[in-house]
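The chain contents come next:
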Amino acid sequence: IAMHFLERRLKELLSIRFMGCCILSVAVFFAVNPFALLDFRHFFYGLFAIRGFEGYTGFTHHLRYSLVSGMGLPLLIFSLAGLVKSVFERNKKKLIFTSFIVGYYAVLVFCSQRHDRYALLLIPPLLFFAADFLLSVRLSKTLRGLLVFVAVVIPLAKSCLSNQLLRREDVRTSAQHWVEANLPE
């Protein structure tokens, strides 16, 4: 939809192709969510009942908490720098990613919950902008390599530590070993 608005003039916005895309979007929504049609009253109630648990999370919550803990501060800074750079470049392809990030972040701020899992969808396009920024900065290969290392070291360390933690024996595996050893077949 964003590409349609970026490529068309104002008089062409309501074209047949655009209306077809909107109708197709609604059809796909109901195809993958048949419950919405089968029990519309319960679906509609559930859609608005969850609003009691959602709301304004603060503009910087997901920047300070979710994305920093998921990506690391250096990578997030490079991502935001690439995002700002793409706005000033006015590259239509990059503006598609930008419109998604801005739109989805607005949904996170005003209509979401504070859990960091909701911000995961932002990480791939933000990584694109971080890479774009790091490739566009005119630096020596050594300095650029150092910046990439600084950007990658925090998420890599977190990933290695979480893998180490998940490989440890926990209560479930201890219970499984006890059941296998003590209960007859």
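Bear in mind the structure is a predicted one, so any value in this text is a computation, not a measurement. Within each chain, residues carry numbers counting from 1 in the order of the written sequence. Selection of residues for local features in this predicted model requires a pLDDT of at least 70, selection of side-chain atom pairs for listing and counting requires 80 or more, and totals for whole chains, interfaces and linings are taken over all residues. Derived side-chain values reflect all non-hydrogen atoms in the structure, with water molecules and hydrogen atoms excluded from consideration.

For the protein, the helix and strand inventory stands at 10 helices and zero strands. Each helix corresponds to a stretch of at least 4 residues labelled H or I by DSSP, and each strand to a stretch of at least 2 residues labelled E; elements are numbered beginning at the N terminus. For the protein, the N- to C-terminal ordering of α and β elements is α-α-α-α-α-α-α-α-α-α. Only protein chains enter the accessibility calculation, which uses a 1.4 Å probe; a residue whose area is less than 20% of its type maximum is buried, one above 50% is exposed, and one in between is partly exposed. In the protein, which comprises 185 residues, the proportion classed as buried is 22%. Expressed as a percentage of contacts within the protein between residues at least 6 apart in sequence, the contacts between residues at least 24 apart total 66%. Residue burial considers only the protein chains on display, and all accessible areas are found by Shrake-Rupley using a 1.4 Å probe. If you sum the accessible surface of the protein, you get close to 13700 Å²; carbon and sulfur atoms cover 69% of it. Should any heavy atoms of two residues lie within 4.5 Å, those residues are considered in contact.

This brings us to the side chain of threonine 98. Take threonine 98: it is sitting in helix H7 (residues 92–111). Here a polar contact means two N or O atoms within 3.5 Å. Within protein one must be a hydrogen donor candidate and the other an acceptor candidate, and residues neighboring in sequence count only if both atoms are side-chain atoms. Among the polar contacts listed, one links the side chain of threonine 98 to the side chain of serine 86, at a separation of 3.1 Å. Not counting residues up to four positions away in its chain, the partners in contact with threonine 98 are Leu83, Ser86, Val87 and Phe129.

This part covers the nonpolar core. Counting residues in each nonpolar core, the largest one holds 18 residues, and the members touching the most others are Leu67, Met71, Ile101, Leu122 and Leu126. Of all elements in the fold, only helix H5 (61–71), helix H6 (73–89), H7 and helix H8 (123–136) reach the threshold of two or more residues within this core. Sorting elements by how many residues they give to this core places H8 first, with five residues. Setting aside residues no more than four positions away along its own chain, leucine 67 makes contact with His62, Gly72, Leu76, Ala119, Leu122, Ile123 and Leu126. Take the buried Ala, Val, Leu, Ile, Met, Phe, Trp, Tyr and Cys residues and link them wherever side-chain atoms come within 4.5 Å; each set so joined is a nonpolar core.

Moving on to the side chain of serine 66. Mapped onto the secondary structure, serine 66 falls in helix H5. Judged by relative accessible area, serine 66 falls into the buried class, the value being 4%. Serine 66 has contacts with His61, Arg114, His115, Asp116 and Ala119, leaving out every residue within four places of it along the chain.

Note on definitions: the grid is 1 Å and covers protein atoms alone; a cavity is a set of points where a 1.4 Å probe fits but cannot get out; a pocket is an open set with protein on both sides within 12 Å along at least five of seven lines; lining residues have an atom within 4 Å of a point. Grid points are joined across faces, edges and corners, and a volume is the space filled by probe spheres set on the points. One number sums up the size of the largest pocket: a volume of about 200 Å³. Forming the boundary of the largest pocket are 13 residues, of which Phe59, Leu83, Ile101, Val102 and Tyr105 lie nearest the centre. When residues of the lining of the largest pocket are traced back to their parent elements, those giving at least two are H5, H6 and H7. Considering each element in turn, the lining of the largest pocket owes the most residues, six residues, to H7.

The phi angle at arginine 90 is positive, at roughly 60°, despite the residue not being glycine. Note on placement: arginine 90 falls in the loop between H6 and H7.

Turning to the packing of H6 against H7, a few remarks are in order. How two helices pack is summed up by the angle between their axes together with the distance between the axes. Lines are fitted to the C-alpha atoms to define the axes, a helix being fitted only along its stretch in contact, and any angle between axes, read from their N-to-C directions, falls within 0 to 180 degrees. With their axes 9 Å apart at the nearest point, H6 and H7 run at an angle of 125° to one another. As the angle between them shows, H6 and H7 are arranged oblique. Note on packing geometry: the crossing formed by H6 with H7 is left-handed. Every residue of H7 that contacts H6 at Leu83, Lys85, Ser86, Val87 and Glu89 is listed here: Lys94, Leu95, Thr98 and Ile101. Reported orientations rely on four angle classes, namely roughly parallel under 35 degrees, roughly antiparallel over 145, roughly perpendicular from 65 to 115, and oblique for the rest. In this scheme, a crossing is called left-handed if the near helix is turned counterclockwise away from the far one by less than a right angle; it is called right-handed if the turn is clockwise.

Note that every value here comes from positions in space, so none of it alone points to a role or purpose.
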